[in-house]
Amino acid sequence: MPILGADMVAGTLIAWRKQPGDRVARGDIIAEVETEKGLIDVEVFASGVLERIVVQPGATVPTGTVLALIREDGPAPAAMPAVAAPVVTAPVVPAAVEPARVEPAPGERKRVSPLARKVAARLGVDPDTVGGTGPGGTVTREDVERAAAERQAGPAPAVAPAPARPRMDVARMRQTIAAAMARSKREIPHYYLAHPIDLHRVLAWLAEENARRPVTDRLLYGVVLLKAVALALREVPELNAVWRGERAEPSAAVHVGVAISLRGGGLVAPALHDAERQPLGDLMRAFRDLVQRARSGGLRSSELSDPTITVTSLGEQGVERVFGIIYPPQVAIVGFGRIAERPWVVDGAVVPRPVVTASLSADHRVSDGHRGGLFLAAVERLLQSPERL
Amino acid sequence: MSASIDRDHGLGLLRQMVLIRRFEEKAAELYTVGKIRGFLHLYIGEEAVAVGTMQALTPEDNVVATYREHGQALARGMEAGSVMAEMYGKAGGCSRGRGGSMHLFDVSRRFYGGHAIVGGGLPVAVGLALADAMRGRPAVTACFFGDGAVAEGAFAESLNLAALWRLPVLFLCENNLYAMGTALERHQAQTDVVRKAEAAGVPGEAVDGMDVLAVEAAARRAAEAVRGGQGPRLLEARTYRFRAHSMYDPDLYRAGDEIEAWKTRDPVVLFTAVLRGQGVLGETDLAAMETSVAAEVDAAVAEAESGPWEPVEDLLKDVYTAPVDR
Amino acid sequence: MKKMTYREAARSALRQALAGDPRVFLMGEDVGRYGGAFAVSHGLLAEFGPERVRDTPLSENTFVGAGIGAALGGLRPIVEVMTVNFSLLSLDQVVNNAATLRHMSGGQLSVPLVVRMATGAGRQLAAQHSHSLEGWYAHVPGITVVAPGTADDARALLLAALREPDPVFVFEHAALYPMEGEVDDTAGPGEIGRAAVRRVGTDLSVITYGGSLPKALAAADLLAAEGITAEVVDLRTLRPLDTATILASVARTHRALVVDEGWRTGSLAAEVSARIMEGGFYDLDGPVQRLCSAEVPMPYARHMEDAALPQPATIAAAARAMLRRDG
């Protein structure tokens, strides 16, 4: 298939003008090829006998494909191959990126990235005391976070009921998780429920609400789900409890533990305190703050021991449905999968709706499936009136 | 053809036309296998225009051409190898591989490109002629352009300025009847290019562009007038390209019988017959000429194949004279 | 040193160039008998004759192209395109020929061409006669772009342009022609590619050029009365930009305000801002700010035109906002 234009990558063979056995001469038209621009004649640059047709009419093949074989007259041809020569490989040209600039002498000014300054202010770290690992010794966000974690790691934590401080030894954190999970599966008789929930009202309301809010105050849908869980617990309070010895102790306050994976590996689930009483904006700020501190090593030990229930969301990872393992001494964990467009029947008609599957893993010693089902139904109902959350 | 032709001159003209023809046939072949990329505009069918007009020029004259300029470059005496290497994009190309098929340059032969914006070469030609006029150099600037260019403002502006200042420009309109795919009568109300020139104050003449001797004679008349200080002249060569506008052109806008009719007036065939009729060209002459042209084309391809690529480190070279990264 | 106007300084450079080099000639619309649309070439026709001071038809594309051809042919043409507004008609020759011929010919050709034109607004000439498009020109590799903001530079940069082997575009701000300044008319050519610190300061760098330079200096006076010292950097050459001088100033002041009469979107100010981000990021105490013309076709009415353009008061206000401390 000849290359007939700079942007031609393939052509469709329409018809052969010559048949096997026919004589062909240099300059003859032997075939017609359909291209993006229309029908173009294929000229032959060799003289001889058309020996065999390789590509049949109707076939679309890339340029460079052998269409037919011609047995040439006379002696062996000169240097040039007739078709299917390897395409010239152009020399590699470096992208037109300006070389990294050598800065003018910056004096004694410490190089701290704007983000690092911001994080340092929140973590109470003086960036000028932090060693920089970025280009030219620049202090980056990670440098500040590391400095904060190192400072935190100083005195050993007094209370360590749950996964310990971030930036701790990952292997140690893994051991803690292992112990807790093994104990959970050993001791807690889990039951699992799942409940698909239509989120179209939530998403529409969020879009409107966020348009009104300053960029820094915008809400994530995950926080809306957290709030719905916290409120639904008022209706099924036995799920909001801790197991002490032989029985569950219901908790008056709803402290929702949010599962946060750490960049260096491992997991923590610190508490959003009194989640059911906080307006969404406050909850959002508290959530952001919690994530930042979880990842930079600024969690308080109480935050790790306070949760009365845990929520884990794996939707970002594309997970359809979560089957969580309860974090002892809690008695339930709520999971959310991804939001996906699904067929949904409304008034007898199938319509596409953004649907998330909420799941509940609960301790059968404390609650039954009936109550768990009511809880998930309450979550669903609350999410149909997002403006009231 | 009344007067008999000088044998050497006649064979010289024919050989140049055959060289252009065979060179371009090879270029078409190389394009289909990806050796030559970009746009490739072939001159096949129009060889008599470049070869005939170049006879009227001296080495001191300037040439400004279009993007369909392989014929002009070869007729001006540029090495086939350097032109082929340019189309390959090699460092040994006449423009070091920066120009390709559409931008052939050779300052030593006063060949100033290779202009691929239609009409873009005309103002430059006027300026070259202005420089010669102001410096007292008795040279002619020959400026090739197609029938499509007469639609550009640069055509009207340049003819006017050259006439206004009586500059030594020889405007050479290669009228092959189509501006890419648009026929002259489909884009011009006044299709007579000579009348357009005369309206701008530039005397013009039309000539059969398929007859190399007629082109040569007309070009000599026009160039003589220009050289004699009479101001610019325009020569319209009526010709036809036998191939499509570029390789990637299904030729939807031309009737097959129109193309076939023009092919009966193939300038190479016509002139071969003239030379034969006058007994200037013997049977063996033509075969020998084809053999020597084939060898020249093969050598050009070999040179292009074996030549080196320009090192990538030279990418920013010659953007400015000073070797700096601006 | 002599006191002379920007116009006289440019004329002095033209006269010196014409007198000193027989290859130099001036052509353009009304440069001869009329004396130049801005009277820059006034008197030169009588002095140098019609061969070297050539009136052209209103054919911008062709006389700029002819300038390119004449440069190829061994002359040193100075082409005047009256104003940047009309230069749009010659952009093909600028972008496709002047800027490319050297590279496209593999280094065989050289185009020592100087193109002068007036640029800018401020004279109530409305939308078609008030453009500041020098930033567009500065986008194109292969050409050099200068924009004098002082009378001395109107002379020195024009003389420098004539020494370049490649095409140089000189943008003279139309509102500056009557501005007087100290000019050393015995000095040699200026240096292309070198910005100048016109006023030293410590609180922020105001980076500007051309017609906005006097406004920036006036703004610096206003700020000085409030105890704010602004450093004023005059770019002078828009291509190639003197990045080192810009960055050195920002390294001293840690704040940068770029003032550009061009429209903001895709502006030269955007390029300057990007270079500071690339090379001076860690020296900054706050984001780089830009003050450009309002994004409207220039209105005719005086108060509206004033509002559309950077002014000393708006430059000073932008500077104050950058230095404000909240709590």
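Residues numbered from 1 in each chain as written. Chains lettered and ligands numbered in written order. Predicted model: local features only at pLDDT ≥ 70, side-chain atom pairs only at ≥ 80, totals over all residues.

(A) Fine view of the interface of chain C and chain B. With 36 residues of chain C at the contact, the number on the chain B side is 35 residues. Those elements giving two or more residues to the side of chain C that touches chain B turn out to be α3 (60-72), α5 (91-98) and α6 (101-104) of chain C. Take the side of chain C that touches chain B: its biggest share by element is ten residues, from α3 of chain C. Grouping the amino acids of the side of chain C that touches chain B by side-chain chemistry returns 13 nonpolar, 18 polar and five charged. (Contact = placed C-beta atoms within 7 Å. Helix = DSSP H or I, 4+ residues; strand = E, 2+ residues; numbered from the N terminus. Nonpolar A, V, L, I, M, F, W, Y, C, P; charged D, E, K, R; others polar.)

(B) Spatial organisation of the environment of Val183 of chain C. All names here are of chain C. The topology assignment puts Val183 in strand β8 (residues 180-183). A tally of 24 C-beta atoms within 10 Å means that Val183 is categorised as buried. Separated by 29 residues in sequence, Val183 and Ala154 place their C-alpha atoms 9.2 Å apart. Look past the residues within four positions of Val183 in its chain and what remains in contact with it is Met1, Lys2, Met4, Ala9, Ala151, Asp152 and Arg155. (Buried ≥ 20, exposed ≤ 12 C-beta atoms within 10 Å, placed from the backbone.)

(C) How the structure looks around the domain arrangement of chain C. Residue and element names in this part refer to chain C. Structurally, chain C comprises domain 1 (2-183) and domain 2 (196-323). In this structure, domain 1 and domain 2 have C-alpha centres spaced 26 Å apart. If you look at the interface, domain 1 gives 26 residues, while domain 2 gives 22 residues. Elements with a contribution of two residues or more to the side of domain 1 that touches domain 2: α7 (134-138), β6 (144-146), α8 (151-163) and β7 (168-173). Residues belonging to the side of domain 1 that touches domain 2 are distributed by class as follows: 14 nonpolar, ten polar and two charged. (Domains from an automatic or database assignment.)

(D) Quick peek at the packing of helix α1 (residues 6-20) of chain C against α8 of chain C. Residues and elements named next belong to chain C. The N-to-C vectors of α1 and α8 enclose an angle of 25°; their axes lie 7 Å apart at closest approach. Comparing the axis directions of α1 and α8 gives the class roughly parallel. Where α1 crosses over α8, the handedness of that crossing is right-handed. Every residue of α8 that contacts α1 at Tyr6, Ala9, Ala10, Ser12, Ala13, Gln16 and Ala17 is listed here: Ala151, Asp152, Ala154, Arg155, Leu158, Leu159 and Leu162. For the contact of α1 with α8, a count of residues per class yields ten nonpolar, two polar and two charged. (Axes fitted to C-alpha atoms, helices over the stretch in contact; angles between N-to-C directions. Parallel < 35°, antiparallel > 145°, perpendicular 65-115°, else oblique. Left-handed = near helix turned anticlockwise from the far one by under 90°.)

(E) Broad picture of unusual backbone geometry. The omega torsion of the bond from Pro328 of chain A to Pro329 of chain A falls at 10°, within 30 degrees of zero and hence cis. Along the chain, Pro329 of chain A turns up in the loop between β15 (309-313) and β16 (332-336). A cis amide bond links Gly113 of chain B to the next residue, Gly114 of chain B, at an omega of 25°. Position of Gly114 of chain B relative to the elements: it lies in strand β2 (residues 111-115). The phi dihedral of Asp251 of chain B falls on the positive side, at around 60°, and the residue is not glycine.

(F) Main features of the environment of Ile3 of chain A. On the secondary structure map, Ile3 of chain A appears in the segment before β1 (10-16). Taking the C-beta count within 10 Å as the criterion, Ile3 of chain A has 23 such neighbours and is therefore assigned buried. Distance from Ile3 of chain A to Pro62 of chain A, taken between C-alpha atoms, is 9.1 Å for residues 59 residues apart in sequence. Each residue touching Ile3 of chain A, except ones within four places of it in the same chain, is listed here: Met8 and Thr63 of chain A together with Tyr31, Thr32, Val33 and Gly34 of chain B.

(G) Region of interest: the pairing of strand β3 (residues 141-146) of chain B. All names here are of chain B. Most of β3 is tucked away, with six of its six residues classed as buried. Where burial is concerned, the two faces of β3 agree: the one with Thr141, Cys143 and Phe145 and the one with Ala142, Phe144 and Gly146 are both buried. Pairing between strand β1 (residues 62-66) and β3: three bridges, direction parallel. Its bridge partner being in β3, Asn62 is matched across the sheet by Thr141. Pairing of β3 with strand β4 (residues 169-175), which is carried by six bridges, proceeds in the parallel orientation. By the bridge assignment for β4, Phe145 is matched with Cys173. For the segment spanning β3, helix α6 (residues 153-164) and β4, crossover handedness is right-handed. (Pairing = 2+ DSSP bridges. Right-handed = clockwise from strand over helix to strand, strands pointing away.)

(H) Molecular detail of the pairing of strand β18 (residues 349-363) of chain A. Residue and element names in this part refer to chain A. Pairing of strand β8 (residues 190-198) with β18 involves nine bridges; the strand directions are antiparallel. Residue Asp198 lies in a different strand from β18, and its bridge partner there is Val355. Where β16 lies against β18, five bridges are found, and the strand directions are antiparallel. By the bridge assignment, Ile333 is partnered in β18 with Ser361.

(I) Structural context of the sheet that holds strand β12 (residues 237-239) of chain C. All names here are of chain C. Sheet architecture is open: seven strands sit in the order β3-β2-β4-β5-β7-β6-β12, paired in mixed fashion. One side of each edge strand has no neighbouring strand; the edge strands of this open sheet are β3 (53-55) and β12. Here the strands of the sheet are splayed against their neighbours by 20° on average, with no regard to which way each runs. Where strand β4 (residues 76-83) and strand β5 (residues 114-119) come together, four bridges link them in parallel fashion. By the bridge assignment for β5, Val79 is matched with Val115. Each of β2 (24-28), β4 and β5 touches α3; the most contacted strand, β4, lies at about 165° to it.

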